[in-house]
Amino acid sequence: MKMRRSIFLTLACFALIGLIAAWVFSRQPITIHARIAEDGGFMPDNIKVRAGESLRLRLISDDVDHTFAIGQNSMEPVLLKPGEPVYLTLTFAKPGTYIFYTTMPSSLNYWRMRGTIEVTGDGEVQVAQLPLYVKLGLELDEEHGEGEEHFELARQPSVSSGEAFADQIPAMYLARDYYVAHSPMETFEELRVASALQSLSNEQLWNVVAYIWLQNSTSTALLEGRRLYQVNCAACHGENSAGDGQFADEMKAIAEQNQDKHGIQPPTDFTDAEHLLEEKPAVLQGLILRGGMGTGMPMWGTIFTDEQTWDLVAYLYSFQFEYQGVNQ
Amino acid sequence: MKHISYRKLIFIILAIILLAVSLPACSSQNSAHLNMMPLDKMPVEVQSAPVTVQTAYQFAAANPDVMKQVPCYCGCGNIGHTSNYSCYVSGVDDKDNITFDNHALGCSICVDITQDVMRLLKEGKTVPEIKTYVDATYSKYGTSNMP
């Protein structure tokens, strides 16, 4: 009897200790090390958690300053200074795959610093939707302007000047479906020959196009687009979008060395009117979603929400159009 | 006798604590081994690339049978690529000498897909299951280069 009691007590003791140990372990945060992409990026780069459960992270940089951000999430990027751990507790309400990444341009390949948080659990499975450019049958990788007449704008098209002709713009040009599938240049050419506006000068007509483009955005969306651009795009494309960000020279040197049209390319210069005004919004959105085809332009579809991609597209056109309150 | 029992008890308790702490840690690690081509067999550009790109090239070169069954969604079907494998290897001659393609050095989706393939293989997924995952994940962003 005494022996059985002793065995029972011993087993109970073991069970209790095991439970305590498991609990203590589950409370330990997962440590993620951050190093420049050439030295490994984020390690580990894949984490699993159940929806609704707390995910405790200990983030630490092993080399230089980095940030830790999570895509499709309102959390502000967290600064990671070398040797100074930062603790985060995250909870994901819905199952899915979330991307963590850095916004700090720590090296040429900083955009490769990405990892995934796989959130499991019961929930509605989202059916994958094709991107708009695929639905519209648009190509993202077509060459631009080859064999066409070069053009330059005498001055930046002005929304406020274009507004004077607002009541003469046929309704079809103000529709969202039209905007996403046509470039500003196509719109200019159509208005030139097929509307009540055909008597306007080229400058006046471009002002009308700028007005049409602004009708497809809001000041809030443009400011969000500007914020996204500055945080995520400026390191390569440059603060003023001239394709002259801090890594532009390195990318140009690689491109010249490779001589490969499908390899790394210099960042796009959005101050080039001929280039940007020939881009359809759905094509720009597709390039943001998918990234360049081997060009060194990362995919952002896993990081930006659909709305954010459109905010960014709208903001890009502000490098050619005069939008009061955004670039004025 | 009683003294020895306590020592045994303490030993067993310590062993259990160690086991309880180490088991969850072990279970989160992927122990499956992947066949990888040595880095020194790679072109110089790959050897100086980010680690995720290096491992993607190493895996692709060593696993053509897997990689030829997985699509890419970066749009490279337009330049004649027929699978994710094409993003890394443009040809293999009759002496098994590999000609590498530098396309994936600057490609975001290509490498993400390969990293997914490596992770899912470690988790024990089959190649058809991996292809289904890749199709479901990346068709939101581009078009497949496989029929």
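Predicted, not measured: the structure shown is a model, and the values here were computed from it.

Enquirer: I tried to follow the sheet that holds strand E4 (residues 54-61) of chain A on my own but got confused; where do I start?
Expert: All names here are of chain A. A sheet is described by the order of its strands in space; here four strands give the open sequence E2-E1-E4-E7, paired in mixed fashion. Each end of this open sheet is capped by a strand with a single partner; those strands are strand E2 (42-43) and strand E7 (86-91). Here strand E1 (residues 30-34) pairs with E4 via five bridges, running parallel. Residue pairing in the sheet places Thr-31 in a bridge with Arg-58 of E4.

Enquirer: I'm lost on the nonpolar core in this one. Help?
Expert: Nonpolar side chains tend to gather and get buried jointly when the protein is soluble and globular. Counting 103 residues, the largest nonpolar core has Leu-316 of chain A together with Ala-104, Ile-109 and Cys-110 of chain B as the members making the most contacts within it. When residues of this core are assigned to their parent elements, the largest contribution, nine residues, is made by helix H6 (residues 202-214) of chain A. Setting aside residues no more than four positions away along its own chain, Ala-104 of chain B makes contact with Val-53, Ala-56, Tyr-57, Cys-87, Tyr-88, Cys-110 and Val-111 of chain B.

Enquirer: What should I look at first to understand the domain arrangement of chain A in this one?
Expert: The extent of an interface is frequently quoted as the accessible surface area lost upon association of the parts. All names here are of chain A. By the assigned domains, chain A splits into domain 1 (30-120) and domain 2 (133-319). On a C-alpha basis, the centroid separation for the pair domain 1 and domain 2 is 31 Å. The partner domain 2 presents ten residues to the eight residues of domain 1 that form the contact. Its residues assigned to classes, the side of domain 1 that touches domain 2 comprises five nonpolar, three polar and no charged.

Enquirer: How should the sheet that holds strand E6 (residues 78-80) of chain A be read in this particular structure?
Expert: Strands belonging to one sheet form pairs held by backbone hydrogen bonds; the direction of such a pair is parallel or antiparallel. All names here are of chain A. Here we have five strands laid out as an open sheet, ordered E3-E9-E8-E5-E6, and mixed in their pairing. At either end of the open sheet lies a strand with only one pairing partner, and these are strand E3 (46-50) and E6. On average, adjacent strands in this sheet sit at an angle of 25° to one another, irrespective of strand direction. Of the strand pairs in this sheet, strand E5 (residues 66-70) and strand E8 (residues 96-101) are connected by two bridges, and their pairing is antiparallel. Within the sheet, the bridge partner assigned to Ile-70 lies in E8 and is Phe-100.

Parameters and conventions
Here, residues in each chain are numbered from 1, in the same order as that chain's written sequence. Chains and ligands are labelled by the order in which they are written, letters from A for the one and numbers from 1 for the other. This being a predicted model, a pLDDT of at least 70 is required before a residue's local features are given, and a value of 80 or more before pairs of side-chain atoms are given or counted; all residues contribute to the totals for chains, interfaces and linings. In short, DSSP must find at least two bridges between two strands for them to pair. Only DSSP runs of H or I covering at least 4 residues are called helices, and only runs of E covering at least 2 are called strands; the numbering of each starts at the N terminus. Joining buried Ala, Val, Leu, Ile, Met, Phe, Trp, Tyr and Cys residues through C-beta atoms within 7 Å gives a set, and that set is a nonpolar core. In this scheme every C-beta is placed from the backbone, and a residue whose C-beta has 20 or more other C-beta atoms within 10 Å is buried, one with 12 or fewer is exposed, and one in between is partly exposed. Residue pairs are scored as contacts if the distance between their C-beta atoms, which are placed from the backbone, is within 7 Å. All domain edges in this entry derive from an automatic or database-based domain assignment. Classification used: nonpolar for Ala, Val, Leu, Ile, Met, Phe, Trp, Tyr, Cys and Pro, charged for Asp, Glu, Lys and Arg, polar for all others including Gly. Fitted lines through C-alpha atoms give the axes, limited to the stretch in contact for helices. The angle between two N-to-C directions lies from 0 to 180 degrees.

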